[in-house]
Amino acid sequence: EAGVAQSPRYKIIEKRQSVAFWCNPISGHATLYWYQQILGQGPKLLIQFQNNGVVDDSQLPKDRFSAERLKGVDSTLKIQPAKLEDSAVYLCASSPAPAYEQYFGPGTRLTVT
Amino acid sequence: GESVGLHLPTLSVQEGDNSIINCAYSNSASDYFIWYKQESGKGPQFIIDIRSNMDKRQGQRVTVLLNKTVKHLSLQIAATQPGDSAVYFCAELSGGNDYKLSFGAGTTVTVRA
């Protein structure tokens, strides 16, 4: 079974630039999550989708972050404009349903200079 | 703030010895806990879970203990191997409609040959 795919794996941008991350969850998984993991910390949930609807985006900085999952499969996370403090690993995870085990992708390491 | 946390940020273990990683949580209403392992450059990987109605659960070389009286859980790894070197996170799954996963800060385990 293929795991959660993410791209790119690494991205370096300057502050105030824009960036987008892509996630392809495990086939058939209805629930998709985006996490932010700052160096030395545990992952923090940014947004949770159930199919193509948002379940929880309370921790998403909506003035600069946006995410979508239009067809209920792939998802993109965008940051516009980026700040230095956005430097982190952005992890995507998926699960068959909200209460089930979450499977994580390898993450995208973002460096904002 | 975070509802789960780990006692020690680092742990150095001799190969073949047993490892014990500790975690304290603050939400007495939590009913499900998970231990994750994160190797460098990878996303968190599920190790073992335990529900609040249990005190102990065993897997292959791993045991999780839950002490609800003092709100503490631990992960024991038997006969630690070099491949066990990683960052270990405890996570709490909150209930409600969204089943949000909250991670602690992590313990970095280094196995000495």
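In the block above lies the structure referred to throughout.
Worth saying up front: this structure is predicted, and the values here are computed from it rather than measured.

Draft legend 1. Quick look at the overall build of chain B. Within chain B, the secondary structure is distributed over zero helices and 11 strands. Counting from the amino terminus, chain B carries its helices and strands in the arrangement β-β-β-β-β-β-β-β-β-β-β. In terms of overall size, chain B behaves like a compact globule, its C-alpha atoms giving a radius of gyration of 14 Å where 113 residues would be expected to give roughly 13 Å. With respect to the three principal axes, the spread of C-alpha positions in chain B is 45 × 30 × 20 Å. Expressed as a percentage of the 113 residues in chain B, the buried residues total 41%. For chain B, the share of sequence-separated contacts (at least 6 apart) that also reach a separation of at least 24 residues comes to 52%. By element, 46% of the accessible surface of chain B is carried by carbon and sulfur atoms, the whole surface being about 5600 Å². Placing the 10 positive and 10 negative side-chain charges of chain B at their respective mean positions leaves the two points 2 Å apart.

Draft legend 2. Region of the structure containing the interface of chain B and chain A. Each side of the interface is counted separately: chain B has 16 residues, and chain A has 20 residues. The contact between chain B and chain A buries some 1400 Å² in all, and 54% of this surface belongs to carbon and sulfur atoms. Linking chain B with chain A are one salt bridge, by the criterion used here. A:Asp56 is the partner of B:Lys100 in a salt bridge, and the nearest nitrogen-oxygen pair spans 2.9 Å. Linking chain B to chain A there are three residue pairs in polar contact (both at pLDDT 80 or more).

Draft legend 3. Broad picture of the state of the cysteines. Within this structure, the stated rule accounts for two disulfides over all chains. Residue pairing for A:Cys23: its cysteine sulfur links by disulfide to A:Cys92, the two sulfurs lying 1.9 Å apart. Judged by the torsion about the S-S bond (-70 degrees), the A:Cys23/A:Cys92 disulfide is left-handed. Taken together, the positions of A:Cys23 in strand β3 (residues 19-24) and A:Cys92 in strand β9 (residues 88-95) put the pair 69 residues apart, joining distant regions of the chain. Overall, A:Cys92 belongs to the buried group, its relative accessible area being 0%. Across the disulfide from B:Cys23 sits B:Cys90; the S-S distance is 1.8 Å. Here the S-S torsion is close to 50 degrees, and the disulfide linking B:Cys23 with B:Cys90 is therefore right-handed. One end of the pair, B:Cys23, is in strand β3 (residues 19-25); the other, B:Cys90, is in strand β9 (residues 86-93), with 67 residues separating them in the sequence. In this structure B:Cys90 comes out as buried when scored by relative accessible area, which is 1%.

Draft legend 4. Main features of the pairing of strand β6 (residues 53-56) of chain A. As paired elements, strand β5 (residues 44-50) of chain A and β6(A) share three bridges and run antiparallel to each other. Bridge pairing links A:Gln50 to A:Gly53 in β6(A).

Draft legend 5. Inspection of the pattern of salt bridges at higher detail. Residue and element names in this part refer to chain B. Taken as a whole, this structure holds seven salt bridges over all chains when the rule is applied. A salt bridge links Asp-84 to Arg-61; its shortest N-O distance comes to 2.9 Å. Of the two residues, Asp-84 is situated in the loop between β8 (72-77) and β9 and Arg-61 in the loop between β6 (56-58) and β7 (62-67); the sequence distance between them amounts to 23 residues.

Draft legend 6. Expanded view of the nonpolar core. If you look at the biggest cluster of nonpolar residues, it comprises 21 residues, and the most contacted ones within it are A:Phe21, A:Trp34, A:Leu77, A:Ile79, A:Tyr90 and A:Leu110. Counting residues per element, the ones that place at least two in this core are β3, β4 (31-37), β5, β8 (75-79), β9 and β11 (108-112) of chain A. When near neighbours in sequence (up to four residues on either side) are disregarded, A:Tyr90 contacts A:Gln6, A:Phe21, A:Tyr35, A:Gln36, A:Leu46, A:Phe65, A:Leu77, A:Ile79, A:Gly107, A:Thr108 and A:Leu110. Grouped together as the second largest cluster of nonpolar side chains are 19 residues, B:Val13, B:Tyr25, B:Ile48 and B:Cys90 included.

Draft legend 7. Here's a closer look at the sheet that holds strand β1 (residues 5-7) of chain A. All names here are of chain A. One open sheet holds the four strands; their spatial order is β1-β3-β8-β7, and the pairing between them is antiparallel. Each of the sheet's edge strands pairs with one partner strand only, and the pair in question is β1 and β7 (65-68). Between one strand axis and the next, the sheet turns through 15 degrees on average, direction left out of account. Here β3 pairs with β8 via five bridges, running antiparallel. Bridge pairing links Phe-21 to Leu-77 in β8.

Quick notes on the rules
Residues numbered from 1 in each chain as written. Chains lettered and ligands numbered in written order. Predicted model: local features only at pLDDT ≥ 70, side-chain atom pairs only at ≥ 80, totals over all residues. Heavy atoms only, no water. Helix = DSSP H or I, 4+ residues; strand = E, 2+ residues; numbered from the N terminus. Rg over C-alpha atoms; globule rule 2.2 N^0.38 Å. Buried < 20%, exposed > 50% of the residue type's maximum accessible area, 1.4 Å probe, protein only. Contact = heavy atoms within 4.5 Å. Areas by Shrake-Rupley, 256 points an atom, 1.4 Å probe, with all protein chains shown as cover. Lys, Arg positive; Asp, Glu negative; His and termini not counted. Charge placed at Lys NZ, Arg CZ, Asp CG, Glu CD. Buried area = accessible area lost by both parts, 1.4 Å probe. Salt bridge = Lys/Arg side-chain N within 4 Å of Asp/Glu carboxyl O. Polar contact = N/O pair within 3.5 Å; in protein donor to acceptor, adjacent residues only side chain to side chain. Disulfide = S-S within 2.5 Å. Pairing = 2+ DSSP bridges. Core = buried A, V, L, I, M, F, W, Y, C linked by side-chain atoms within 4.5 Å. Axes fitted to C-alpha atoms, helices over the stretch in contact; angles between N-to-C directions.

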